Amino acid sequence: MAEPEGTMEFPWHHGVFDAHCHPTDTLSSLQSIPSMRAKVLTVMATRAQDQELVAKAADEYGITSDDVADGEMSWRDSHKIVPAFGWHPWFSHQMFDEDEYDGAQSLTLDQKVAHYQSVLQPRSEDIDFLQSLPEPRRFRQFLDQTKSYLERYPLALVGEVGLDRSFRIPEAWLPGEVESRNDALTPGGREGRKLSPYRVSMDHQKKVLLAQLRLAGELQRAVSVHGVQAHGIVYETLAESWKGYERKVPSRRERKRQESATKINAEPEDAAKSEEPRSRSKPYPPRICLHSYSGPAENVKQYTAALVPCHVFFSFSTTINSWAEDGNGKVEAALRAVSDDSVLIESDLHTAGEKMDQYLEKIVRKICAVKGWELEDGVERLAKNWKAFVFGTGD
Ligand SMILES: [Zn+2]
């Protein structure tokens, strides 16, 4: 057993990296980033209102390719974030496929109603409600915009994307409510609004996710994936993106034949693969983080199977994951099933600053306790894993 949680002084100096958070939801909190003890925050975008905010945050606080080339952690205190651009499943209904509307730039009121009727479940006949929903955006236009952000920020990731079977979309603001909303929060989130009975169809969510996975593959960027009550279908969708690219696992007989063949012929396929330039486009992302992983331990094995052609990381938080009192719950079992080089930590918090540091410290201590790692060793491992996830080092 490692030392009990919370007793040893925390080794911030080894570098603590938040793999998934949303500080642009509270814009005023961004100014506290340079004074935070965490080394780097991986900042997600989720919806129409926060893509440009994440870009601006990267302009101000982003680490640069020069910082990284400079080597081990020498980048400045003011350079502390890596941006991620993506569309979250909670907002997936706000996206329409222009091909289904003859390439329309925007939808008429009737088309808007038809669009929401086709992507929301159960189908709604409440025309007032459907008309009150946000103007749907063109999906291809969003993908083009995301691509240009990714090109503008060469270290940027794709995220937050994913699938969610449990969420329901919020009702529109009631008259008078908008005026009294908290101005400090970036618009577009739920903010305590009543939930409607409607969910977004899995088909539509999948379409939005798959296109973003392909974009990540095209530009060879890592992806941060949200999956709630959809573990099977998240795997299926990811597997769909790498279909035809599965790693070949040689059978025992094939391996034997290879071993006895001449040296030239015995060159294993994997060795040839690892020499491919990293920039080469594929239809699937090179690295994936399943954020606040809440699936069962058995599903972890699916992702680490030899045929999976990308490195899948599992990130844990104290905000979303529910840890058992006795240390023997479902999350603990999943964490134990994750290999030491594939664990990440995150705050998943919507505000930067001291609270975020506290959450990060808490989750590091939790993971070290479950994994049986000494605290310093654990912080170092987690730092190395984050760099492997974001920069693709060490693969
Ligand atoms: Zn998130």
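A quick note: this is a predicted structure, and the numbers were derived from the prediction, not measured.

Draft legend 1. Examining the nonpolar core more closely. By size, the foremost hydrophobic cluster in this structure holds 80 residues, and its most contacted members are Leu41, Trp242, Leu290, Phe314 and Phe316. For this core, the element with the most residues is helix α6 (residues 202-219), which contributes nine residues. Leu290 has contacts with Val225, Val234, Leu238, Tyr303, Val312, Phe313, Phe314 and Ser315, leaving out every residue within four places of it along the chain. Formed by 19 residues, the second largest nonpolar core is a distinct cluster that contains Ala222, Leu344, Ala388 and Phe389.

Draft legend 2. Layout of the coordination of the zinc ion. Surrounding the zinc ion are the protein donor atoms His20 (NE2), His22 (NE2), Glu160 (OE) and Asp348 (OD), which sit 2.1 to 2.7 Å from the metal. Note that the zinc ion binds four donor atoms; their angles at the metal cover 84 to 168 degrees, and the shape is irregular.

Draft legend 3. Highlighting empty space enclosed by the protein. The full count for this structure, using the stated rule, is three cavities of 30 Å³ or more. In this structure, the largest cavity occupies an estimated 80 Å³ of space. Contributing to the lining of the largest cavity are Val225, His226, Gly227, His231, Val234, Leu290, His291, Tyr293, Asn299 and Tyr303. Elements with a minimum of two residues in the lining of the largest cavity: β9 (223-228), α7 (231-241) and α10 (297-303). Counting residues per element, the lining of the largest cavity draws most heavily on β9, at three residues. In terms of residue class, the lining of the largest cavity is built from five nonpolar, five polar and no charged.

Draft legend 4. Up close: the sheet that holds strand β12 (residues 343-345). Read from one edge to the other, the open sheet built from eight strands follows the order β1-β2-β3-β7-β9-β10-β11-β12, with strand pairing classed as parallel. Only two strands of the sheet have a single neighbouring strand rather than two, namely β1 (17-21) and β12. Between one strand axis and the next, the sheet turns by 30 degrees as a mean value, whatever way the strands run. Where β1 lies against strand β2 (residues 40-43), three bridges are found, and the strand directions are parallel. Residue pairing for β2: Asp18 is matched across the bridge by Leu41. Packed on one face of the sheet, helix α13 (residues 375-391) meets β1, β2, β3 (81-85), β7 (157-164), β9, β10 (287-290), β11 (311-316) and β12 and runs near 95 degrees to β12.

Draft legend 5. Up close: the pairing of β11. Of all six residues in β11, six are buried, a share of seventy percent or more. Residues His311, Phe313 and Ser315 point to one face of β11 and Val312, Phe314 and Phe316 to the other, with burial holding for every one of them. After leaving β10, the chain enters α10 and then returns to the sheet as β11, a path that is right-handed. Of the pairings in the sheet, the one linking β11 to β12 comprises three bridges and is parallel in character. Bridge pairing links Phe314 to Val343 in β12. Between the parallel pair β11 and β12, the chain is carried across by helix α11 (residues 330-337), and the sense of this crossover is right-handed.

Basis of the calculations
Residues numbered from 1 in each chain as written. Predicted model: local features only at pLDDT ≥ 70, side-chain atom pairs only at ≥ 80, totals over all residues. Heavy atoms only, no water. Core = buried A, V, L, I, M, F, W, Y, C linked by side-chain atoms within 4.5 Å. Buried < 20%, exposed > 50% of the residue type's maximum accessible area, 1.4 Å probe, protein only. Helix = DSSP H or I, 4+ residues; strand = E, 2+ residues; numbered from the N terminus. Contact = heavy atoms within 4.5 Å. Donors = N, O, S within 2.8 Å, 3.2 Å for Na, K, Ca; no water. Tetrahedral: all angles 85-135°; square planar, octahedral: opposite > 155°, others 65-115°. 1 Å grid on protein atoms, 1.4 Å probe; cavity = no way out; pocket = protein on both sides within 12 Å on 5 of 7 lines; lining within 4 Å. Points joined across faces, edges and corners; volume = space filled by probe spheres on them. Nonpolar A, V, L, I, M, F, W, Y, C, P; charged D, E, K, R; others polar. Pairing = 2+ DSSP bridges. Axes fitted to C-alpha atoms, helices over the stretch in contact; angles between N-to-C directions. Right-handed = clockwise from strand over helix to strand, strands pointing away.

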